[in-house]
Amino acid sequence: VFLASVLMGRDRVEDARAHFRVVWESGGPETATPSFLQQYVLSLHRLGRQAELQEVWPKVVAKPGVRWRSPLQCPDLVDESLLDAAAPFPPLAGCGPVPRLLVEHREAIEREFEAFRATPGWDSERYFRPNQDNDLVGGNEPRRWTEMLLLEKGQWDPRACQ
């Protein structure tokens, strides 16, 4: 599995998928780990192998502990409150302090963001980078899905947080 992960990182997706497939067909214990399943599914997306994805998806979601609803969303952790019966905009009372603080300080946040947007290069790659799963968006155009990471790999980005 490690080799396949390295191949994915080097954009040798077809080679990685071949390794993932061998591991998948072995039925070994690693085939039940979320990291293996995520990478295998991602390799199938990137290669456009919809038939293979449709073949394996029912077996993927049948694995113990896997609570994914779509092959387009396979997060490391699944918040059960956001599934089946969840409302798209739950009451603020049950969401902890962050949503309440955002609503409370909305006007100041909007003013700060508008000031940021007025600076030259605000939408450049200095602040906004293509999302790692950009290839899942139609056309695989890096500028179609960008994100401004304030926290990445456990580290705050002081430039972005100013």
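As shown above, the structure is provided for reference.
Below you will find a few notes about this structure. What you see is a predicted model; the values in this text were computed from it and never measured. (Residues numbered from 1 in each chain as written. Predicted model: local features only at pLDDT ≥ 70, side-chain atom pairs only at ≥ 80, totals over all residues. Heavy atoms only, no water.)

**Remarks on the overall build of the chain**
Summing up its helical and strand segments, the chain has seven helices and four strands in all. Reading the helices (α) and strands (β) of the chain from amino to carboxyl end gives α-α-α-α-α-α-β-β-β-β-α. The globule rule puts the C-alpha radius of gyration for 162 residues at 15 Å, and the 20 Å found for the chain is more than 25% above it. Overall size of the chain, expressed as C-alpha extent along the three principal axes, is 55 × 40 × 30 Å. Per-residue burial for the chain yields a buried fraction of 25% across its 162 residues. Taking the intrachain contacts of the chain between residues at least 6 apart in sequence as the baseline, contacts between residues at least 24 apart amount to 33%. Summing over all exposed atoms, the chain offers an accessible surface of approximately 11,500 Å²; the carbon and sulfur share of this is 56%. (Helix = DSSP H or I, 4+ residues; strand = E, 2+ residues; numbered from the N terminus. Rg over C-alpha atoms; globule rule 2.2 N^0.38 Å. Buried < 20%, exposed > 50% of the residue type's maximum accessible area, 1.4 Å probe, protein only. Contact = heavy atoms within 4.5 Å. Areas by Shrake-Rupley, 256 points an atom, 1.4 Å probe, with all protein chains shown as cover.)

**Brief notes about the nonpolar core**
Grouped burial of nonpolar side chains is what soluble globular proteins tend to show. Within the largest apolar cluster, 21 residues are counted, with the highest numbers of intra-cluster contacts made by F20, W24, F36, L37, Y40, V60 and W68. Those elements giving two or more residues to this core turn out to be helix 1 (2-9), helix 2 (13-26), helix 3 (34-47) and helix 4 (50-61). When residues of this core are assigned to their parent elements, the largest contribution, six residues, is made by helix 3. (Core = buried A, V, L, I, M, F, W, Y, C linked by side-chain atoms within 4.5 Å.)

**Here we look at the packing of aromatic side chains**
Per the counting criterion, the structure on display carries ten aromatic pairs. Summarising the aromatic geometry, the rings of F113 and W122 are spaced 6.2 Å apart at their centres and angled 85° between planes, so their arrangement reads as edge-to-face. Judged by centre distance (5.0 Å) and plane angle (85°), the ring pair of F116 and Y127 falls under edge-to-face. One end of the pair, F116, is in helix 6 (residues 106-117); the other, Y127, is in the loop between helix 6 and strand 1 (129-130), and eleven residues separate them in sequence. Grouping residues by exposure puts F116 and Y127 together as buried. (Phe/Tyr/Trp six-rings, centres within 6.5 Å; stacked < 30°, edge-to-face > 60°.)

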